[in-house]
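Chain and residue survey
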Amino acid sequence: METRERGSLPFVGMIAVVLAQASNMVVMKIAMSAGINKYTMVFYCNALSSLVLLPCPLIISRRSGSCPPLTLSVLCKIFLLALAGFAAQMCGYVGIDYSSPVLGTAMMNLIPAFTFILAIILRMEKVNWKSSSSQAKLVGTITSILGAFVVTFYKGPLVLRSPLPPSTRPRHLLPFLLPPQSNWILGGFLLAAQAFLLSSSYTFQAFILKEYPAVLNIMFYVMFFLTILSGLLSLITAREQQSWILKADVGLIAILYSAVVATAFGSSLGVWCVKRAGPVYVSMFKPLGIVFAVGLGFLFLGEMLHLGSLIGAIVIVMGFYTAMWGKSKEEEKANEGSGVGGSLASSSGHKIPLLQNQASSA
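The text that follows walks through the structure, step by step, so that each part is easy to find. Only a predicted model underlies this, so the values are computations on that prediction, with no experimental measurement involved.

In this structure, Met41, Met107 and Ile218 are the most contacted members of the largest nonpolar core, which totals 54 residues. Residues within four places of Met41 in sequence aside, it is in contact with Met28, Ala31, Met32, Ile36, Tyr93, Ala254 and Ile255. By size, the runner-up hydrophobic cluster in this structure holds seven residues, among which are Met14, Val18, Leu269 and Phe285.

Every buried residue belonging to helix 6 (residues 111-121) is among Ile111, Ala113, Phe114, Phe116, Leu118 and Ala119, and all of these are buried. Just downstream of helix 6 lies Arg123, where phi reads positive at about 60 degrees.

So, on to the packing of aromatic side chains. For the coordinates displayed, the defined rule picks out 12 aromatic pairs. Measuring from ring centre to ring centre gives 5.3 Å for Phe79 and Phe225, while their planes differ by 85 degrees; the resulting arrangement is edge-to-face. With a gap of 146 residues between them, Phe79 in helix 4 (residues 72-98) and Phe225 in helix 9 (residues 215-237) connect regions that are remote in the sequence. A residue is classified by how much of its surface remains accessible, and Phe225, at 13% relative accessible area, is buried. Centroid distance Phe320 to Tyr321: 5.4 Å. Interplanar angle 75 degrees. Geometry classified as edge-to-face. By relative accessible area, Phe320 is classed as buried at 1%. Relative accessible area serves as the criterion here: at 34%, Tyr321 is assigned to the partly exposed category.

The rules behind these values
Residues numbered from 1 in each chain as written. Predicted model: local features only at pLDDT ≥ 70, side-chain atom pairs only at ≥ 80, totals over all residues. Heavy atoms only, no water. Core = buried A, V, L, I, M, F, W, Y, C linked by side-chain atoms within 4.5 Å. Buried < 20%, exposed > 50% of the residue type's maximum accessible area, 1.4 Å probe, protein only. Contact = heavy atoms within 4.5 Å. Helix = DSSP H or I, 4+ residues; strand = E, 2+ residues; numbered from the N terminus. Phe/Tyr/Trp six-rings, centres within 6.5 Å; stacked < 30°, edge-to-face > 60°.

So, in structure tokens, the structure goes:
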């Protein structure tokens, strides 16, 4: 009975994590459709997340020997990591504003594909083209990218119509006006850019964590730098005083939901699931976000599901699971070949993406 409970807890936990991420995209879309300034909303979300994570470095630093010294070199690297995360965050928010949470959750499944490509370019991963696992990762990567092209460029006929009126289209996002189809394509490109930037930041995290392996400390400093960067951008883009005033409306709900539920709760629970069940198990739940996004968008945003989104999402999910199957086979062979020591080394090599929940919440 206890074994069954231990196996079911990570399953329930990951359902909650994915639901928190997908619902946060919908909440943010509702807030932006209601006219809430996206730039000030990002600033307030980052500031509140920093306050939530503030106890982490204070508590960890009090433990003797538990926290490595924070050098200027490490702090500069964390700033660069935050800079990449900030670019990904803004691409995500603007991309969601142009398109929909369904497209946003679909594009998030490109992260393993981009990470695999970057790992090959940087020679962080060796590829044996004769191995079935390497072939599966390559096929999965290509399939995921093709699915992204389908969901971006092909809308297709209507499959599912919501009884609710559609959400307000984004206005004045650029100095020129774009037709709806161009908005959707631009949103797809921005969301794909978000996935690529996240993949780059995950790769960079591996180098930082080797030098400074304090995960919670890094999370706080990243959120602190994100607050500064988003604040500077907000001062430039949102000069109206009205954009900075918080009211008891959907904007305040979106900020609280993003900072507390999607960031603090989602990140903590995601880390716990990685430690309990492993990163491969956690990654398998990512495509479930598309299902949640479709359902929530249908119920609360009045979004319509088109054939192109359905086909593209299915292709991306197929590519995602193909790549993850290849990765899991490689890990099994590594564990069998090196025994217990190799298993420990393998598990320690999987670093937890620090910005995954924050950017996914865009």
